[in-house]
Amino acid sequence: MNKKVVYLHGFASSSQSEKAQLTTAFFARYYSHIDFTALDLPYEPTSALALIKHHIGARRDVALIGSSLGGFLATCIAEQIQCRACLINPAVAPHKVLDKHLGRYFHPVLQQHYDVTPAQMTVLAQLMPPQLLQPENYLLMLQSGDEVLDYRQALSYYRGAKIKLREGGDHSYVGYTNELDAIANFCQLA
């Protein structure tokens, strides 16, 4: 099977983040036959989803890896095409978190400014799937010490998913490299 795997970074991050780079290096070393990409997402939610959909195209042999806000976006896509998604400390109801971060930011890779607006919070609220159609399509990786997101919201929302909850840690997911084999296995790459 020639599967496509797409890594989706979180808010104010990029394909150059530590997790994205670790994931890219892991797939290059152990799964070079897999079509792997770490995307640089625009920060406007509908534009980000449009880019992901364009990148995937009509393919359905896709697996997604999403961190934080990338986990939310991965969920939106996975619910539409019913693919597997590995979520690392995913944002649940991100409009309730990002509304505290309105303003102008700079994307380090795309080299452009972007604005986080109240209108985008409305869009994020509308994009959130009310419930998961197939929770078994998700691997949820959480750390209880996440200082940005309340991991209990994810436990509730992703009920029925395969869940790996680690005590302590933080939002970056301490020990992430130790989870890459489990991520690849869940993506059914073999």
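Here the structure is a predicted model, which is why all the values come from computation and not from measurement.

Focus on the overall build of the protein
Reasoning step 1: A tally of helices and strands in the protein yields 7 helices and 8 strands.
Reasoning step 2: Whereas a compact globule of 190 residues would reach a radius of gyration of roughly 16 Å, the protein reaches 15 Å, a difference of no more than 12%.
Reasoning step 3: Burial status across the protein gives 51% buried among its 190 residues.
Reasoning step 4: Looking at the protein alone, contacts between residues at least 24 apart form 67% of all its contacts between residues at least 6 apart.
Reasoning step 5: When the accessible surface of the protein is totalled, it reaches about 8,800 Å², and 51% of it is carbon and sulfur.

Comments concerning the nonpolar core
Reasoning step 1: Formed by 38 residues in total, the largest nonpolar core has its most connected members in L8, I52, L64, L73, Y138 and Y158.
Reasoning step 2: Every residue in contact with L73, bar those within four places of it in the chain, is listed here: L8, L41, P45, A48, L49 and I52.
Reasoning step 3: In terms of nonpolar packing, the next biggest core, distinct from the first, is built from 23 residues, F26, I65, I88 and C187 among them.

Thoughts on helix α5 (residues 118-127)
Reasoning step 1: Every buried residue of α5 is accounted for by Q120, M121 and L124. Summarising the axial view, the buried residues of α5 lie within an arc of 105°, below the 170-degree limit, and thus occupy one face. In α5, those exposed residues whose orientation departs by more than 90 degrees from the buried face are P118, A119 and Q126.

Some remarks on the sheet that holds strand β3 (residues 62-67)
Reasoning step 1: Sheet architecture is open: 6 strands sit in the order β2-β1-β3-β4-β7-β8, paired in parallel fashion. Taken across any chain shown, the strands that pair with only one partner, and hence form the sheet edges, are β2 (35-39) and β8 (162-166). Taken over all neighbouring pairs, the strand axes of this sheet differ in orientation by 10° on average, direction set aside.
Reasoning step 2: Lying over the sheet, helix α1 (residues 18-30) contacts β1 (4-8), β2, β3 and β4 (84-88), oriented at roughly 170° with respect to β2.
Reasoning step 3: Together, β1, β3, β4 and β7 (138-143) form the strand contacts of helix α3 (residues 69-81), whose direction differs from that of β3 by roughly 155°.

Here's the deal with the packing of aromatic side chains
Reasoning step 1: All chains considered together, the criterion is met by 11 aromatic pairs.
Reasoning step 2: When the centroid spacing of 5.1 Å and the interplanar angle of 50° are considered together, the rings of F26 and Y30 count as tilted. Taken together, the residues F26 and Y30, both in helix α1 and 4 residues apart, mark about one turn of the helix.
Reasoning step 3: According to the relative accessible area criterion, Y30 is partly exposed, its value standing at 47%.
Reasoning step 4: Look at Y157 and Y158: their rings are 4.9 Å apart centre to centre, the planes differ by 90°, and that puts the pair in the edge-to-face class. In this structure, Y157 and Y158 share a single accessibility class: buried.
Reasoning step 5: The residue whose ring lies beneath R84 is F186, and the NZ or CZ to ring-centre distance is 4.3 Å.

Definitions and limits used
Residues numbered from 1 in each chain as written. Predicted model: local features only at pLDDT ≥ 70, side-chain atom pairs only at ≥ 80, totals over all residues. Heavy atoms only, no water. Helix = DSSP H or I, 4+ residues; strand = E, 2+ residues; numbered from the N terminus. Rg over C-alpha atoms; globule rule 2.2 N^0.38 Å. Buried < 20%, exposed > 50% of the residue type's maximum accessible area, 1.4 Å probe, protein only. Contact = heavy atoms within 4.5 Å. Areas by Shrake-Rupley, 256 points an atom, 1.4 Å probe, with all protein chains shown as cover. Core = buried A, V, L, I, M, F, W, Y, C linked by side-chain atoms within 4.5 Å. Arc of directions from axis to C-beta. Pairing = 2+ DSSP bridges. Axes fitted to C-alpha atoms, helices over the stretch in contact; angles between N-to-C directions. Phe/Tyr/Trp six-rings, centres within 6.5 Å; stacked < 30°, edge-to-face > 60°. Lys NZ or Arg CZ within 6 Å of the ring centre and 35° of its normal.

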